[in-house]
There are 2 protein chains.
Amino acid sequence: MFQNLSSDTTTKKSDKASTARLRGNVAVRLIGQPLQPFDRPSIPSNLRIHHEPESTSLTDRLGGTYSLEYDSLNENVKKCQYAVRGELYLRASELQKEGKKIIFTNVGNPHALGQKPLTFPRQVVALCQAPFLLDDPNVGMLFSADAIERAKHYLSLTSGGLGAYKVAEFIQRRLSASYLSYHNDPELIFLTDGASKGVMQILNCVIRGAGDGILVPVPQYPLYSATISLLGGSLVPYYLDESENWGLDVNNLRQSVSQARSQGISVRAMVIINPGNPTGQCLSEANLREILRFCYSEKLVLLGDEVYQQNIYQDERPFISSKKVLMDMGSPFSKEVQLVSFHTVSKGYWGECGQRGGYFEMTNFPPRVVEEIYKVASIALSPNVSAQIFMGLMVSSPKPGDISYDQFTRESKGILESLRRRAKIMTDGFNSCKNAVCNFTEGAMYSFPQIQLPPGALQAAKQAGKVPDVFYCLKLLEATGISTVPGSGFGQKEGVFHLRTTILPAEEEMPEIMDSFKKFNDEFMTQYDNNFGYSRM
Amino acid sequence: MFQNLSSDTTTKKSDKASTARLRGNVAVRLIGQPLQPFDRPSIPSNLRIHHEPESTSLTDRLGGTYSLEYDSLNENVKKCQYAVRGELYLRASELQKEGKKIIFTNVGNPHALGQKPLTFPRQVVALCQAPFLLDDPNVGMLFSADAIERAKHYLSLTSGGLGAYKVAEFIQRRLSASYLSYHNDPELIFLTDGASKGVMQILNCVIRGAGDGILVPVPQYPLYSATISLLGGSLVPYYLDESENWGLDVNNLRQSVSQARSQGISVRAMVIINPGNPTGQCLSEANLREILRFCYSEKLVLLGDEVYQQNIYQDERPFISSKKVLMDMGSPFSKEVQLVSFHTVSKGYWGECGQRGGYFEMTNFPPRVVEEIYKVASIALSPNVSAQIFMGLMVSSPKPGDISYDQFTRESKGILESLRRRAKIMTDGFNSCKNAVCNFTEGAMYSFPQIQLPPGALQAAKQAGKVPDVFYCLKLLEATGISTVPGSGFGQKEGVFHLRTTILPAEEEMPEIMDSFKKFNDEFMTQYDNNFGYSRM
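Residues numbered from 1 in each chain as written. Chains lettered and ligands numbered in written order. Predicted model: local features only at pLDDT ≥ 70, side-chain atom pairs only at ≥ 80, totals over all residues. Heavy atoms only, no water.

Brief notes about the overall build of chain A
From N to C terminus, chain A includes 19 helices and 14 strands. Within the span of chain A, comprising 537 residues, buried residues form 67% of the whole. Restricting the contact set of chain A to residue pairs at least 6 apart, pairs at least 24 apart contribute 74%. Split by element, the accessible area of chain A, about 18,100 Å² in all, is 51% carbon and sulfur. (Helix = DSSP H or I, 4+ residues; strand = E, 2+ residues; numbered from the N terminus. Buried < 20%, exposed > 50% of the residue type's maximum accessible area, 1.4 Å probe, protein only. Contact = heavy atoms within 4.5 Å. Areas by Shrake-Rupley, 256 points an atom, 1.4 Å probe, with all protein chains shown as cover.)

Details of the side chain of Ser412(A)
Tracing the backbone shows Ser412(A) in helix H16 (residues 405-431). Apart from the residues within four sequence positions on either side, Ser412(A) is in contact with Leu118(A) and Tyr349(A).

As for the packing of aromatic side chains
The geometry of an aromatic ring pair comes down to the distance between the two centres and the angle between the two planes. All names here are of chain A. In total, this model carries 36 aromatic pairs over all chains according to the counting rule given. Between the aromatic rings of Phe471 and Tyr528, the centroid separation amounts to 5.8 Å while the plane-to-plane angle is 70 degrees, which identifies the pairing as edge-to-face. Pair noted here: Phe471 is in helix H18 (residues 468-480) and Tyr528 is in helix H19 (residues 510-528), with a separation of 57 residues, a long-range link. Here the aromatic cluster, defined as three or more aromatic residues joined through ring pairs, consists of Phe471, Tyr472, Phe520, Phe524 and Tyr528. (Phe/Tyr/Trp six-rings, centres within 6.5 Å; stacked < 30°, edge-to-face > 60°.)

Things to note about the nonpolar core
Residues Phe143(A) and Phe143(B) are the most contacted members of the largest nonpolar core, which totals 259 residues. Not counting residues within four places of it along the chain, the set of residues in contact with Phe143(B) comprises Leu133(A), Leu142(A), Gln123(B), Ala126(B), Leu127(B), Leu133(B) and Ile148(B). Ranked by size, the runner-up nonpolar core spans 34 residues in total, among them Tyr238(B), Trp246(B), Leu339(B) and Phe448(B). (Core = buried A, V, L, I, M, F, W, Y, C linked by side-chain atoms within 4.5 Å.)

Concerning the interface of chain A and chain B
Each partner contributes residues to the interface: chain A has 122 residues there, and chain B has 122 residues. Where chain A abuts chain B, roughly 11,400 Å² becomes buried across the two surfaces, and 59% of that area is made up of carbon and sulfur atoms. Put simply, chain A and chain B have two salt bridges between them. Between Asp193(A) and Lys197(B) there is a salt bridge, with its nearest N and O atoms 3.6 Å apart. Inspection of the region where chain A meets chain B yields 38 residue pairs in polar contact (both at pLDDT 80 or more). Broken down by element, the residue count for the side of chain A that touches chain B peaks at eleven residues, all from helix H14 (residues 367-379) of chain A. Split into classes, the residues belonging to the side of chain A that touches chain B amount to 62 nonpolar, 33 polar and 27 charged. (Buried area = accessible area lost by both parts, 1.4 Å probe. Salt bridge = Lys/Arg side-chain N within 4 Å of Asp/Glu carboxyl O. Polar contact = N/O pair within 3.5 Å; in protein donor to acceptor, adjacent residues only side chain to side chain. Nonpolar A, V, L, I, M, F, W, Y, C, P; charged D, E, K, R; others polar.)

Re the pattern of salt bridges
All names here are of chain A. Inspection of every chain in the model, using the stated rule, returns 36 salt bridges over all chains. For Arg91, the salt bridge is made with Glu478, and the minimal N-O distance between the two is 3.0 Å. Taken together, the residues span a long stretch of sequence, with Arg91 in helix H3 (residues 85-97) and Glu478 in helix H18 at a distance of 387 residues. Judged by relative accessible area, which is 39%, Glu478 ranks as partly exposed. In this structure, Arg268 engages Asp212 in a salt bridge whose closest nitrogen and oxygen atoms are separated by 3.2 Å.

Here we look at the relation of the copies chain A and chain B
Between chain A and chain B, the superposition needs a rotation of 180 degrees and an axial shift of 0.0 Å, giving an RMSD of 0.0 Å. A rotation of that kind, with that shift, is consistent with a two-fold axis. Within chain A, the C-alpha atom positioned nearest to the axis of rotation is that of Ala126(A), 2.1 Å from it. Interface residue correspondence from chain A to chain B reaches 100%, placing this contact among same-surface, isologous pairings. (Least-squares fit on C-alpha atoms with pLDDT ≥ 70 in both.)

Let's talk about the confidence of the model for chain A
All names here are of chain A. The predicted model of chain A has a mean per-residue pLDDT of 85, with 85% of residues at 70 or higher. Throughout residues 1-63 the model reports pLDDT below 50, and contacts reaching past four residues in sequence, or to other chains, amount to 170 contacts. Ignoring residues within four places in sequence, the model shows residues 533-537, a span with pLDDT below 50, making 14 contacts including any to other chains. The ipTM assigned to the predicted complex is 0.86, against a pTM of 0.87. (pLDDT = per-residue confidence, 0-100.)

Points about the pairing of strand S6 (residues 301-305) of chain A
Residue and element names in this part refer to chain A. Most of S6 is tucked away, with five of its five residues classed as buried. Along S6, one buried face is formed by Val301, Leu303 and Asp305 and the opposite face, lined by Leu302 and Gly304, is buried too. In the sheet, strand S5 (residues 266-273) pairs with S6 via five bridges, with the strands oriented parallel. Considered in S6, the bridge of Ile273 is made with Asp305. A crossover links S5 with its parallel partner S6, the connecting element being helix H11 (residues 285-298), and its sense is right-handed. (Pairing = 2+ DSSP bridges. Right-handed = clockwise from strand over helix to strand, strands pointing away.)

Observations concerning the sheet that holds strand S10 (residues 446-447) of chain B
Residues and elements named next belong to chain B. Pairing in this open sheet of three strands is antiparallel, and the strands run S10-S14-S13 from one edge to the other. Looking at strand neighbours, the two that pair on one side only are S10 and strand S13 (485-486), the edges of this open sheet. Bridge count for S13 against strand S14 (residues 499-502) is two bridges, and the pairing is antiparallel. Each bridged residue has a counterpart across the sheet, and for Val485 the counterpart in S14 is Arg500. Against the sheet, helix H15 (residues 405-431) contacts S10 and S14, and its axis sits at roughly 150 degrees relative to S14. (Axes fitted to C-alpha atoms, helices over the stretch in contact; angles between N-to-C directions.)

Written out as structure tokens, the structure is:
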């Protein structure tokens, strides 16, 4: 159990300082810092933080142990890996407390890095939160007329306003009729507290035990690996091809499925993240057709994580929803492939992460199954209502002629065009380094350069007891304040290292950030590469 | 598998009309109606809605079945019971669509029944949602100066505002220092999207499998029974004593624990709901001490569901937090009993259900365990930020001298005093019926009268294929529009029937509602009681 894969050496001591630090670590993780996803190292090796038993454990006291100790926790909770959080994020937070300037590019959290909220939606939600404002004759001095009208309209449809448990039917109907949907049934649209909760709900229905496998791309956003662990299922990886711009090859899929089946795993579902996270690639229509055919022939439920669908930075492959492609394929596919599509208010040009709003849409789900999903969803009563309003606004934003249209368009375009420029700045910046190869960020919010590390660095990492990319990222952090997530958190091929950073820092700061990175990287390479040439292991 | 415990006769047909109705049922459950909790019938019998296989199932098609059918769902999802939702709530929604006036007294959802939100908090949150308002010179025309100041303060502490993933440390600190806490550590306070999510997180850590038992009061709020099912654990019931105003007798606890252990179950934790739901009883300090001693000697984690702590309608037993009692008991209890306390913004006099805000506080949890809980919580990134603001406002409301103090006090007192009056109106109203016995609603938001049903009614219920209290509640609904939840949804002794209604309808409508109930009840009794005397089975 105590495999020393962690290099967090402080946790090996059981003295007071260590306990304090541990508590400090926990404190730091809890307190008001931007959060980063808990990332999983290269599959299948795990990186865990291990602790010596606390010296104040009840084994030393009269009365024996606590009922709930580490050892008596649900095993799946312990197995569930979000390992990298500890090292990079903790270190970044510690350094920040010590006064170092940290650039938190570790999580897709746009507003935390200065992106401004869109004005119109915030006006509407503010009015919905404070409906008494609408009775004030002066309300027009602070709010635009169309925001006032929209708020009145929404309030008329939500009896009890934002304070009542409510699933907003009119939003489900709007979603079903929107460009996001395609011949859809409002009853099959479930509003959720963010897309992640929806993913967990669906996986919880699918996974019956360790014998159930879920196909997950590698690299992947570790919501999937962590949730599958937590639910006691099996993750069946399929590798994206870095040399093909992280393209998906159906042969890889077939191979993964065969291998899983030969191990007695029943492969139940497949996840695609489109655009990808951390990889950013956008699937073509042909790709989607291939995938849907594959799901049809292999009887897989397709989970289409489409949360970044507004974040597209190239014109060759615009976003097309899996739902649309499926419907266009016609029978038998359109009637038989089971699909769940996920979307959110957290990403795109809205970036409203803190509101926790999202939804999923089911296709070809039998009523009895929908009912069970609904039953479980109802235990938590309803998703938060202001986020539902954001979702409604997202699919019903100001139209030409509306008072707020110009402002809304200007704000949205401004954000998207800047993201596109930043995607390029980062990609080019990484590619200008001899030891980095970076696929272009076609979509989403991240850059995921491959960093080729010289043998000297691999050796130093080993001596420090750290996974090489963690070692590199820690050095980067300490030298520059840039807080990234090592590629091992997302999965990568053995011996190939990456880091993930967001493209979210303010555009005017980007050149300096990239220069800072390059300076660090040159120094790192100089330090660890004896020949000033280097090999990729 | 197809035990006909359901009397939803429409689901037995497999014709188109049935399918449509089924879909209609699902539609009704999904659309914008106030939700009701999914309630569990008398323990241990289950009430399930069963369906004939859909005629369009893929078993009829080329290609075989779907991957995700009812049969291949996670068993725990299917086992998880929230059965009563189907009958009462569906029927209420259908009737509402047909134009009948329905009084939804089925869920503790104050704003949906006309309770107004408190003004000051809504001003603050509205300003936080639209920070650009603070730059407008006219903001003071619509917002009070102290709300403006508070919003500025909160925004200064939440970089990225409400749109960023964030756990608000300053709110954790405020909670730890507040009257709600007692020598507490902000690191051990976890903000959540509503208290229910927190309960699920904790139970997910405790329950390793069916061998783990959780002591749950009967009657209980079925979040507990449903979650324990979902997680594959075992519910160990302890009966509250209706004749002692739903009091808790430690001997009942001991008996339940013995019985469970004799069945090989490891009893890990105990739930108390204080004030109770649906029962309303408030635990005395002596009670709490007894319970804590019991948890100490039996090594149980105590889950203290204290969400209704502001809703107290008698003066003999004011609310005392489990935490305070535990700390006051001193060593060894205060150092060894593991406690998790839950609170929310949904209840009290705030009633902000739709915001989905809450928190839990852990006492005597080893750091390694806290870390695991934090790890899993982080998968969902952060709870929604505006609800965190509500939580902060709840423990830091306007003080004497503040501009909004009088208004806030007036609004809060108005709501609480009215709730107290309504609790009495309902209790007295039920008690004025010969066949009803209703304990006084000491706290929370519900009335839970026992309804004594004559043999004729029991017979009629049997013929209709319905559990007797479901039968009664359906008749009540159809006659009066009053939508309640049958006691079988919460658990009750065999042969003893109750219904749960909220005390939330507007005070001025209460007398009419109670008259309406009494008229129905008299007619029901006349219809089904041949002797005009009746026996309790």
